[in-house]
Amino acid sequence: MRFLLVTGGFAGPGRQPWLMDDLAEALVNAGHSVDVIVGDPKTPRAAGEQRAEDPRITLFSVGPRKKTSGALGRLIGHIRVGLGLHTRAYSWVRHRSYDVCVSTSPASFSWGFPRRIRSAGVSRRNLLFLWDFFPIHQMEIGRINIPWLARPMKALERKAIDAADVVAVMSPANRSFFLRYHRGATNSTIEIPPWSSTKPLIDRTASEEGPLRVVFGGQIAKGRGVDTLVDAAALLQERAADVQILVAGDGPERSALERRAAAHGLTNIDFLGALPREHYRELARSAHVGIAITVPGISPPSFPSKIVEYCSLGIPVLVCVEDSSDAGEFVAVNGAGVSVPAGDALALATAIGELERSIEDGGLSTMSVAARRLFDARLSAERVVEALERIVPEGDDAD
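What counts and how
- Numbering of residues starts from 1 in each chain and follows the order in which that chain's sequence is written.
- Given that this is a predicted model, residues contribute local features only at a pLDDT of at least 70 and side-chain atom pairs are listed and counted only at 80 or more, while totals for whole chains, interfaces and linings are drawn from all residues.
- Excluding hydrogens and water, the side-chain figures rest on all heavy atoms present in the structure.
- Helix and strand definitions here come from DSSP, where helices need a minimum of 4 consecutive H or I residues and strands a minimum of 2 consecutive E residues; each element is numbered from the N-terminal end.
- In this setup the radius of gyration rests on C-alpha atoms only. A globule is expected at 2.2 Å times the number of residues raised to 0.38.
- Partly exposed residues are those whose accessible area sits between 20% and 50% of the maximum for their type, while under 20% is buried and over 50% is exposed, using a 1.4 Å probe and protein chains only.
- Only heavy atoms enter the contact rule, under which two residues are in contact if any of them lie within 4.5 Å.
- Only four residue types enter the tally: Lys and Arg on the positive side, Asp and Glu on the negative side; His and the chain ends are excluded.
- A charged residue contributes its charge at one atom only: NZ of Lys, CZ of Arg, CG of Asp or CD of Glu.
- Each Phe, Tyr or Trp ring, with Trp reduced to its six-membered ring, pairs with another whose centre is within 6.5 Å; inter-plane angles below 30 degrees give stacked pairs, above 60 give edge-to-face pairs, and intermediate values give tilted ones.
- Only Lys NZ and Arg CZ are tested; either one counts as a charge over a ring when it is within 6 Å of the ring centre and within 35 degrees of the ring normal.
- Strands pair, by our definition, only if DSSP identifies at least two bridges between them.
- To get an axis, fit a line to the C-alpha atoms, keeping to the stretch in contact for a helix; angles then go from 0 to 180 degrees between the N-to-C directions.
- By definition here, a salt bridge exists when the distance from a side-chain nitrogen of Lys or Arg to a carboxyl oxygen of Asp or Glu is within 4 Å.

Novice: Is there a simple way to explain the overall build of the protein in this structure?
Specialist: Scanning the protein for helices and strands turns up 14 helices and 14 strands. For a compact globule of 399 residues, the expected C-alpha radius of gyration is about 21 Å, and the protein comes in at 21 Å, within 12% of that figure. When its C-alpha atoms are laid out on the principal axes, the protein stretches across 65 × 45 × 40 Å. Considering the protein as a whole, with its 399 residues, one finds that 55% of them fall into the buried category. A fraction of 74% describes how many contacts in the protein between residues 6 or more apart in sequence connect residues 24 or more apart. In the protein, which carries 46 positive and 46 negative side-chain charges, the distance between the mean positions of the two groups comes to 9 Å.

Novice: It is not clear to me how the packing of aromatic side chains should be interpreted in this structure. Could you clarify?
Specialist: Aromatic ring pairs are reported here in terms of the distance separating the ring centres and the angle at which the planes meet. Overall, the coordinates contain 10 aromatic pairs when judged by the stated rule. With a centroid separation of 6.3 Å and an interplanar angle of 85 degrees, the aromatic rings of Phe 133 and Tyr 181 are classed as edge-to-face. In this pair, Phe 133 is assigned in the loop between strand S6 (123-129) and helix H4 (136-140) and Tyr 181 in helix H6 (residues 172-181), connecting sequence segments 48 residues apart. Given the relative accessible area of 2%, Phe 133 is considered buried. Since its relative accessible area comes to 14%, Tyr 181 is described here as buried. Members of the aromatic cluster, each reached through a chain of ring pairs, are Trp 18, Phe 129, Trp 131 and Trp 195. Here the guanidinium or amino end of Arg 116 rests over the ring plane of Tyr 90, the centre of that ring lying 3.6 Å away. Between Lys 154 and the ring centre of Tyr 181, over which it is positioned, the NZ or CZ distance is 4.1 Å.

Novice: Can you help me understand the sheet that holds strand S8 (residues 188-191) in this one?
Specialist: Sheet strands associate in pairs through backbone hydrogen bonding, adopting either a parallel or an antiparallel arrangement. Taking strand neighbours across the sheet as the criterion, the 8 strands line up as S3-S4-S2-S1-S5-S6-S7-S8 in an open arrangement whose pairing is mixed. Edge positions in the sheet fall to strand S3 (48-51) and S8, since each has one partner strand and no second. Taken pair by pair, the neighbouring strands of this sheet meet at an average axis angle of 25 degrees, ignoring direction. Helix H2 (residues 70-93) contacts strand S1 (2-7), strand S2 (33-38), S3, strand S4 (58-61) and strand S5 (98-104) of the sheet and is inclined by roughly 165 degrees relative to S2. Strand contacts of H6: strand S7 (166-169) and S8, with the helix running at about 155 degrees to S8, the strand carrying the most contacts.

Novice: For this particular structure, what's the right way to read the pairing of S8?
Specialist: The two faces of a sheet get side chains in turn, since along a regular strand they alternate between them. As paired elements, S7 and S8 share 4 bridges and run parallel to each other. Bridge pairing links Val 169 to Glu 191 in S8.

Novice: Help me understand the pattern of salt bridges, please; the structure alone is not making it clear to me.
Specialist: Should their charged atoms come close, side chains of opposite charge can pair. Counted by the stated rule, this structure contains 17 salt bridges. As a salt-bridge pair, Arg 56 and Asp 54 come within 2.8 Å of each other at their nearest N and O atoms. According to the relative accessible area criterion, Asp 54 is buried, its value standing at 15%. One connected set of salt bridges, linked through shared partners, spans Glu 278, Arg 281, Lys 306 and Glu 309.

Novice: Would you mind showing me how to read the sheet that holds strand S13 (residues 317-321) here?
Specialist: Pairing is parallel across the open sheet formed by 6 strands, whose spatial order is S11-S10-S9-S12-S13-S14. Only two strands of the sheet have a single neighbouring strand rather than two, namely strand S11 (269-273) and strand S14 (337-341). Ignoring strand direction, the axes of neighbouring strands in this sheet form an average angle of 20 degrees. Pairing geometry for strand S9 (residues 212-217) and strand S10 (residues 243-248), over 6 bridges, is parallel. Among the inter-strand pairings, Phe 216 is bridged to a residue of S10, identified as Val 247. Most of the contacts of helix H9 (residues 277-285) go to S9, to which it runs at about 155 degrees, and overall it touches S9, S10 and S11.

So, in structure tokens, the structure goes:
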């Protein structure tokens, strides 16, 4: 089968690999043909057809060529991507044929390109990975602070979503919210949790003795909940718990959180900054527990992709997410970790303390085995490929 991935991020200069890289690699490993159109409004990249890091993948970039900054710069970057999709990229694909065009949320940021190539017969099916609900999620975490924009942005997002034959949601809670938030949507839906590459098939190096090493990896920005982790670290230090918390990542909230930790005199939490993907995985291998954390009071349910990465490394997961999410239940039911409510520093500190005490009794080892088993069964990129292969069975004319 032939797949076209339309994405805002793909490995290259100044950009780390992520989910779409893992998916592209898994697809070609399964014998499929993969072309990728990438338009990253924030990271400069040469335009036109170019070599991907995997030579089996053909990559076409629509730029932009120059770095943008500030709200206006970001807007200009998005507009440049949209223009590039409908000029250079469309010229590149117009005489090609694909079984499935895959794009990601926010759907608006694909600028109607998937709809256009579906109408032109370039793609037989369009599939959208719905990883977040735009704009309600951004509004609720304070990333967008202009209330009157909510209605028009939601209308644009719905129009873009309607162009997808299939919407892939992350969990049952995501499916329910999608049907409520976009009432009347007629897309087919399937459930595909976030995924990871099987590359991290390596032995863990976590010590069977303390301190308990807890790792968080991700952007340090609004809506990430790292402030709750800092407050939990303060409670753990008061209790003299043998715990070390490692925060790998960067973002606009990092400096404020470092000052907050310093004000508490914390010695059990370290901010390591952004790490290359493989360096981060090396760090995670040495951890006893990985933490996936968000903020409370958010109505769209999340499913942090870090859960998947931790499971791929056989790391027990401590999930601290909003009440609307079923990600914590997913992990706990499968024995791969524990779950506490988002925003509850006391519950988080208590859970970490209990995990620290379980190093010696074998509880962490049992969770580690279950985490890896869950990854193999549900969360690897290979499982996603199997789902995509069912979107357009061989011989189906699609129309």
